Amino acid sequence: MKKMAPETDSKTLKLFLSALFIAGTVNIWLLTLHHEEPRRGIVTLEMLFRHNFIQPTILMIPYFKKPPLHNWIITAFAGFNPRWVNEFTLRFPSLVATALTAFLLYLFVKEYLGEKLAVLSSVIFATSWTVLIGYSTKCEPDMLLTFFTFASISLWYRFFKKNKKFIAWTAGYFFASLALLTKGLPGIVFFTIAFTTVLTVEKKLKEVFSYQHICGMAIGLSPFLLWIMAVSPEKATLTLWHEAIRRTAVENPLSKTVKGIVLFIPRLILALFPWSLIAMYQAAKDKQFLNWKENPFIRDISIITLANLAVYLVSPGTRMRYVIPMMPFISIIMALILENAKINPQRGVSTIQFLMDILLFTGIITTIWITLHTEIALNATIFFLMVAYFVYFYMMKRIDITSLVLIAGCALLIIRGFYSAYYISIAEFKYPKYRKAAKEIATITREHSLSTTVKELKLGFYTEKFRQKPLPFKKTENLEKGEFFITLKPAGKKIKTFKLGSRVLYLCKKE
């Protein structure tokens with residue numbers, strides 16, 4: 001008797017999310033903060049040092065480009081203790097937000113398209129390249145923005161369709177308000193475009209003039225409005241507005257706009273890799289197209305996605321992380337295309353085995369070759385095998401491995417395990433030693449006043465962390481006699497030189 005494949009249900013999703021947490025948590029604490037991460041860390045530390053959670057600062061300078069909700073959440077994960085603000089507590093909220101978005105997506109899709117498509121949509125979202133490798137474990141507000149944006153649109157849609165309009169508008173605007181508090185004006189733009197397009201298609205645009213909408217908007221937006229009123233309203237509003245439009249066609253030349261339009265689709269395909277390519281191949285193979293008339297939900301999801309993407313299509317400064325809030329909706333569309341895509345189970349298992357062998361061999365050889373440290377390779381290998389063996393020996397025995405989406409999802413989680421174990425280990429070995437430099441600076445200046453004349457945020461974060469004090473930015477002429485300071489050009493009495501990659505920084509003392 002032929003063995004039945006396991007049912008694709010909530011148990012399948014729990015396994016995928018468990019594997020995501022294992023793969024994402026590996027070495028999450030290891031890599032030195034980079035790109036914009038130190039900025040988020042400094043804001044969080046200075047909130048705790050100053051006991052001021054309303055006005056963000058960076059090197060003690062007021063900062064208005066991003067509202068503070070992301071930093072509030074980090075402080076909660078750090079137990080409101082500046083000593084616990086570290087690489088783990090800074091990055092882990094993004095992983096939690098990714099899992100929460102995947103779970104909320106499952107609940108949303110299950111109500112309209114059934115459990116199988118709900119699971120497939122969540123797996124596709126969580127394992128899309130930009131999410132899985134890019135931002136699921138980065139100290140950036142993008143995954144929190146995605147969760148709040150998806151919650152605002154999905155809850156509005158669900159309650160509005162059930163004719164619970166006051167709840168729909170209040171819930172929608174409340175989560176849009178949290179999105180606003182996370183990353184500024186894009187949080188409300190996604191929601192506004194979503195409900196406007198749906199109401200237009202359904203010829204119900206007059207609903208925006210209803211008392212339910214006006215009351216729901218007033219109540220829902222109150223968290224964001226209260227924050228605006230608590231800081232400098234004019235400064236905060238103008239800064240957030242400028243941040244929202246500076247990458248649009250309004251403030252960029254036509255040539256750059258045209259170039260952005262031409263490159264948008266290829267960049268979007270790469271951001272959704274590999275699912276974008278798999279879905280396009282499957283659609284062409286099956287000559288499968290979405291039938292809007294057959295299911296209004298599919299129509300609504302499609303127009304919400306297209307309308308929001310159109311805004312970024314004509315914005316030449318668009319980066320693909322800006323469209324992550326639309327990826328849950330795109331994942332639903334790709335799940336519909338790939339719902340019945342199958343793979344021979346023996347071929348699927350053999351492919352996973354081959355992938356594990358290749359990654360293991362490549363990881364060990366490359367790590368030893370680049371670092372010349374066998375202990376780094378050993379630690380990385382142990383972590384990689386933890387992820388790979390969980391997926392291969394535990395997870396794959398409990399899911400439908402004839403499903404192309406599920407078997408490809410397993411492969412992507414193993415690749416994420418490889419990235420976490422080997423790539424991050426090598427990257428940290430090669431990365432400039434900002435932590436070490438900051439420890440030396442903290443040791444030398446522990447009992448003294450310290451400032452910086454250069455806005456070097458990586459060194460700034462670690463110096464604040466190890467000193468457990470703010471590091472104020474000052475102009476050279478404002479330094480006091482006997483004060484230590486970090487600078488790009490030696491001045492006063494030079495104490496120590498730090499070569500950090502291509503940059504050379506100096507610890508000096510004002511004479």
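So, here is what we can say about the structure in this document. Remember, predicted model here, so these are calculated numbers, not experimental data.

Moving on to the sheet that holds strand β4 (residues 484–487). Either a parallel or an antiparallel arrangement is found when strands of a sheet pair, and the pairing is made through backbone hydrogen bonds. Ordered in space as β3-β4-β6-β5, the 4 strands form an open sheet in which the pairing is mixed. In this open sheet, the two strands that pair with only one neighbour each are β3 (450–452) and β5 (493–500). Geometrically, the sheet is characterised by an average inter-axis angle of 20° between neighbouring strands, direction not taken into account. Here β3 runs beside β4; their pairing, made up of 3 bridges, is parallel. Paired with Leu-450 across the bridge in β4 is Phe-484. Against the sheet, helix α20 (residues 434–445) contacts β3, β4, β5 and β6 (503–509), and its axis sits at roughly 165° relative to β5.

Once rolled over the atoms, a probe with the size of a water molecule shows which space is left empty. Using the criterion set out here, one finds 2 cavities of 30 Å³ or more in the structure. Taken as a whole, the largest cavity spans an internal volume of roughly 50 Å³. In terms of residue class, the lining of the largest cavity is built from 4 nonpolar, 3 polar and 2 charged. Volume-wise, the second largest cavity comes out at about 30 Å³. Around the second largest cavity, the lining residues are Phe-16, Leu-17, Leu-20, Val-123, Ala-126, Thr-127 and Leu-413. Of the residues belonging to the lining of the second largest cavity, the class tally is 6 nonpolar, 1 polar and no charged.

The next point concerns the layout of surface pockets. As a volume, the largest pocket reaches approximately 900 Å³. Taken together, 40 residues form the lining of the largest pocket, with Lys-65, Lys-66, Glu-243, Ala-244 and Arg-246 sitting closest to its centre. Counting residues per element, the ones that place at least two in the lining of the largest pocket are α2 (37–50), β2 (61–62), α7 (142–161), α9 (186–201), α12 (233–245) and α15 (296–313). Of all the elements, α12 adds the most residues to the lining of the largest pocket, at 6 residues. Split into classes, the residues belonging to the lining of the largest pocket amount to 19 nonpolar, 6 polar and 15 charged.

Our next topic: the nonpolar core. One finds Phe-108, Phe-148, Trp-156, Phe-191, Ile-332, Ile-352 and Met-395 to be the most contacted residues of the largest nonpolar core, which totals 130 residues. Looking at which element gives the most residues to this core, the answer is helix α19 (residues 404–430), with 13 residues. With near-sequence residues (within four places) excluded, Met-395 lies in contact with Leu-15, Phe-16, Ala-19, Phe-390, Cys-410 and Leu-413. By size, the runner-up hydrophobic cluster in this structure holds 32 residues, among which are Ile-58, Tyr-434, Ala-438 and Tyr-462.

This next bit is on the packing of helix α3 (residues 69–77) against helix α4 (residues 87–113). Between α3 and α4, the shortest axis-to-axis distance is 9 Å and the interhelical angle comes to 110°. Relative to α4, the element α3 lies roughly perpendicular. The residues of α4 that touch α3, namely those facing Ile-73, Ile-74 and Phe-77, are Thr-89, Leu-90, Phe-92, Pro-93 and Val-96. Of the residues contributing to the contact of α3 with α4, the split by class is 7 nonpolar, 1 polar and no charged.

So, about the packing of aromatic side chains. Scanning the model with the defined rule gives 38 aromatic pairs in all. Here Trp-129 and Phe-273 contribute two aromatic rings whose centre-to-centre distance is 5.9 Å and whose plane-to-plane angle is 80°, an arrangement assigned as edge-to-face. Of this pair, Trp-129 sits in helix α6 (residues 129–135) while Phe-273 sits in the loop between α13 (254–271) and α14 (275–286); the two residues are 144 residues apart in sequence, bridging distant segments of the chain. Classification of Phe-273 as partly exposed rests on a relative accessible area of 34%.

The rules behind the values
- Residues numbered from 1 in each chain as written.
- Predicted model: local features only at pLDDT ≥ 70, side-chain atom pairs only at ≥ 80, totals over all residues.
- Heavy atoms only, no water.
- Pairing = 2+ DSSP bridges.
- Helix = DSSP H or I, 4+ residues; strand = E, 2+ residues; numbered from the N terminus.
- Axes fitted to C-alpha atoms, helices over the stretch in contact; angles between N-to-C directions.
- Contact = heavy atoms within 4.5 Å.
- 1 Å grid on protein atoms, 1.4 Å probe; cavity = no way out; pocket = protein on both sides within 12 Å on 5 of 7 lines; lining within 4 Å.
- Points joined across faces, edges and corners; volume = space filled by probe spheres on them.
- Nonpolar A, V, L, I, M, F, W, Y, C, P; charged D, E, K, R; others polar.
- Core = buried A, V, L, I, M, F, W, Y, C linked by side-chain atoms within 4.5 Å.
- Buried < 20%, exposed > 50% of the residue type's maximum accessible area, 1.4 Å probe, protein only.
- Parallel < 35°, antiparallel > 145°, perpendicular 65-115°, else oblique.
- Phe/Tyr/Trp six-rings, centres within 6.5 Å; stacked < 30°, edge-to-face > 60°.

Bear in mind that shape data such as this cannot, by itself, settle questions of function.
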